[in-house]
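An overview of the molecular structure
Residue-level listing of the chains:
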Protein chains: 2
Amino acid sequence: MERVLIIGTGLIGASTGLALRSAGFAGRIDGWDGSSLERTAAVQMGAIDAAAATAEDALELARKANVIVLAVPVLAVKDWMQRLASVTRSGQLITDVGSTKLEITELGKTLFTAPDAARFLPGHPMAGKESGGAMLAEAALFDNAMWLFTPAASEPTPIETEWRNWVGFFGARTLDMDAARHDELCAWVSHLPQMLSTALAALLEDKFGDAPEIGAIGGRALRETTRLGASPYSMWRDVAMTNTGPIADTLFALEQRLAHVRENLRTPELRDEFALANKFRQRR
Amino acid sequence: MERVLIIGTGLIGASTGLALRSAGFAGRIDGWDGSSLERTAAVQMGAIDAAAATAEDALELARKANVIVLAVPVLAVKDWMQRLASVTRSGQLITDVGSTKLEITELGKTLFTAPDAARFLPGHPMAGKESGGAMLAEAALFDNAMWLFTPAASEPTPIETEWRNWVGFFGARTLDMDAARHDELCAWVSHLPQMLSTALAALLEDKFGDAPEIGAIGGRALRETTRLGASPYSMWRDVAMTNTGPIADTLFALEQRLAHVRENLRTPELRDEFALANKFRQRR
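From a predicted model like this one, the values you see are computed outputs, not experimental measurements. Starting afresh in each chain, residues are numbered from 1 along the sequence in its written order. A letter from A marks each chain and a number from 1 marks each ligand, given out in the order of writing. Under the rules for a predicted model, residues below a pLDDT of 70 receive no local features and side-chain atom pairs below 80 are neither given nor counted, while totals for whole chains, interfaces and linings still include all residues. Side-chain metrics rest on all non-hydrogen atoms present in the structure, leaving aside hydrogens and water.

1. Some words on the interface of chain B and chain A
Between chain B and chain A, the residue contacts involve 82 residues of the former and 81 residues of the latter. Reported buried area values correspond to the accessible surface (1.4 Å probe) lost by two parts on association, with both partners' losses combined. Buried area between chain B and chain A, summed over both chains or domains, comes out near 8300 Å², and the portion from carbon and sulfur atoms is 70%. It is Ile217(B), Tyr233(B) and Phe274(B) in chain B that bury the most area against chain A; as a group they hold 9% of the surface buried on that side. By definition here, a salt bridge exists when the distance from a side-chain nitrogen of Lys or Arg to a carboxyl oxygen of Asp or Glu is within 4 Å. At the surface where chain B touches chain A, the tally comes to 12 salt bridges. A salt bridge links Glu213(A) to Arg181(B), with the shortest nitrogen-to-oxygen separation between them at 2.8 Å. Mapped by element, the contributors of at least two residues to the side of chain B that touches chain A are β8 (146-149), α7 (179-208), α8 (212-217), α9 (220-226), α10 (233-242), α11 (244-263) and α12 (269-282) of chain B. Secondary structure counts use DSSP, requiring at least four H or I residues in a row for a helix and at least two E residues in a row for a strand, with both numbered from the N terminus. By residue number, the principal contributor to the side of chain B that touches chain A is α7(B), which donates 22 residues. Amino acid classes used here: Ala, Val, Leu, Ile, Met, Phe, Trp, Tyr, Cys and Pro are nonpolar; Asp, Glu, Lys and Arg are charged; the rest, including Gly, are polar. In terms of residue class, the side of chain B that touches chain A is made up of 48 nonpolar, 12 polar and 22 charged. Contacts are assigned to residue pairs that have any heavy atoms within 4.5 Å of one another.

Below you can see the structure in the form of structure tokens.
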């Protein structure tokens, strides 16, 4: 691996560049971002050596890169996959960091399975911050994090193996899983907590607005359960669009569960609910 | 204030004793707890000077105390209020730290309004930990916390004023509010987050049990939204019993809100929901 191209130099993309440098990668890192602020910040931080001037220039750089990392929201990942299919070839690796994997993995199967096609490796580092942007990027963002892959092919190509090794050098643990299973599990452990936190924060905003009492009385419980409410729609729109069914299932299940708690506030059923919740936490 | 009696020497009761000492209180602190482990721990930590041997002995000590702090779950607070009514008198202060205030405040009005009755001051320090018990008590637990009061009487007696001063010495900010308003607000900012977190953790326990993938994939989002699931039923039963209506209202509102999110995962309504949630968080 001598040349890497990072498409999308926000938090995850720029952190990938910094992590490569921190792990000793001495080759060239090019980058592209639709926002000139993000591109410039990524160069200034040393996350990329240079930024492409236009998306077309980025496509030209893609011809020369050994590894192309797509670090944009899920629907933009799918757009870039389409564009890259015609300018890439066997021996190259395209990988992404999108939050949902089924649609991306299925598209990869249609675009990148011919013998002369680049290898496509769907990936998902479980790392992030409440706010995005290159300015918050860190070389250590993936240290101790889980980096999931949902490969369509069973045999890794040499460049895929090399990229997996670099991810290990970032300090991340890796795990391969089925793409549909990935999306179902992430609906439960990531998308449901997000939608829940957004719904709770939105409800409280509607109900109390800037009433000072909420700030005075609300403690850690409120802070923690609404923290994810700060997450940007721009990223979550694509998650909701590409994992609608599983997310809807988890939301419906939680609605039912809350109704069960509501109907049993004065019965021993509440004790059972606390016992189950205690058990879940004790495992963690 | 020369003699304080703390009924219930768990986390909040023992922390109150330690906070008194830390703030310079040089008088006597007696204590009582139904659990001999908690009583013994509270003495060993220096939270109380001595523990009553029986509940009857505690009642005798109540006759001599200037201030009696009821630091037990809400229904037990109500029991102790009944018992204390006949052994206390004007000039003494009884105060509690229960999580709901309407039932306690109303009971206080019936028990402690005669001219020769002790003053009853309903209180609620917004402090705690996931786990209880004297062993986790800290002198600094109330530092920077909010300590709410829902007084039935408008004019504080001298001993009430002195107790409010001590609470200020603990580092807590104090705020007086209407008891019904307290319970409604706490339903939103404390009881709803608790029931939500319990329901989510119970649902995940039912669905996944000890599946290792959840531990591997679940990150900060899951950890934070289920953390309160570790809370004990023993305390929350009384909260649910004494604030059923307001808690049920908040749960129902959240169920509706989650259904709204579920039905709009692919529509611009989701953008509005994120915008409201973002606004709520920006105020905090």
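After that view of the structure, there is still more to cover.
2. Topic: the environment of Trp80(A)
Residues and elements named next belong to chain A. Looking at where Trp80 falls in the secondary structure, it is placed in helix α4 (residues 74-85). Distance in space between the C-alpha atoms of Trp80 and Leu59 is 9.3 Å, their sequence separation being 21 residues. Apart from residues lying up to four places away in sequence, Trp80 is in contact with Ile7, Trp32, Ala55, Ala58, Leu59, Leu70 and Val72.

3. A few points about the domain arrangement of chain A
All names here are of chain A. Domains are outlined according to an automatic or database domain assignment. For chain A, the assigned domains read domain 1 (3-177) and domain 2 (181-283). Listed per partner, the contact involves 15 residues of domain 1 and 16 residues of domain 2. Of the roughly 1300 Å² buried between domain 1 and domain 2, counting both surfaces, carbon and sulfur atoms make up 66%. Applying the counting rule to domain 1 against domain 2 returns zero salt bridges.

4. What about the pairing of strand β9 (residues 173-176) of chain A?
Residue and element names in this part refer to chain A. DSSP-based pairing: two strands are paired if at least 2 bridges between them are found. Here four bridges tie strand β8 (residues 146-149) to β9, and the two strands are oriented parallel to one another. Opposite Leu148, over in β9, you have Leu175 as the bridge partner. The handedness of the β8 to β9 crossover, carried by helix α6 (residues 158-169), is right-handed. Looking down the strands as they point away from the viewer, one classifies a crossover as right-handed if the path from the first strand across the helix to the second runs clockwise.

5. Observations regarding the relation of the copies chain B and chain A
If you rotate chain B by 180° and push it 0.0 Å along the axis, it lands on chain A with an RMSD of 0.1 Å. As the rotation angle and translation indicate, the two copies are arranged about a two-fold axis. Alignment of copies: least-squares fit on C-alpha atoms of residues with pLDDT of at least 70 in both copies.

6. Quick word on the sheet that holds strand β3 (residues 50-51) of chain B
All names here are of chain B. Taking strand neighbours across the sheet as the criterion, the six strands line up as β3-β2-β1-β4-β5-β6 in an open arrangement whose pairing is parallel. At either margin of the open sheet sits one strand with a lone partner, and together these are β3 and β6 (119-121). Pairing of strand β2 (residues 28-32) with β3, which is carried by two bridges, proceeds in the parallel orientation. From the neighbouring strand, Asp30 faces β3, where its bridge partner is Ala50.

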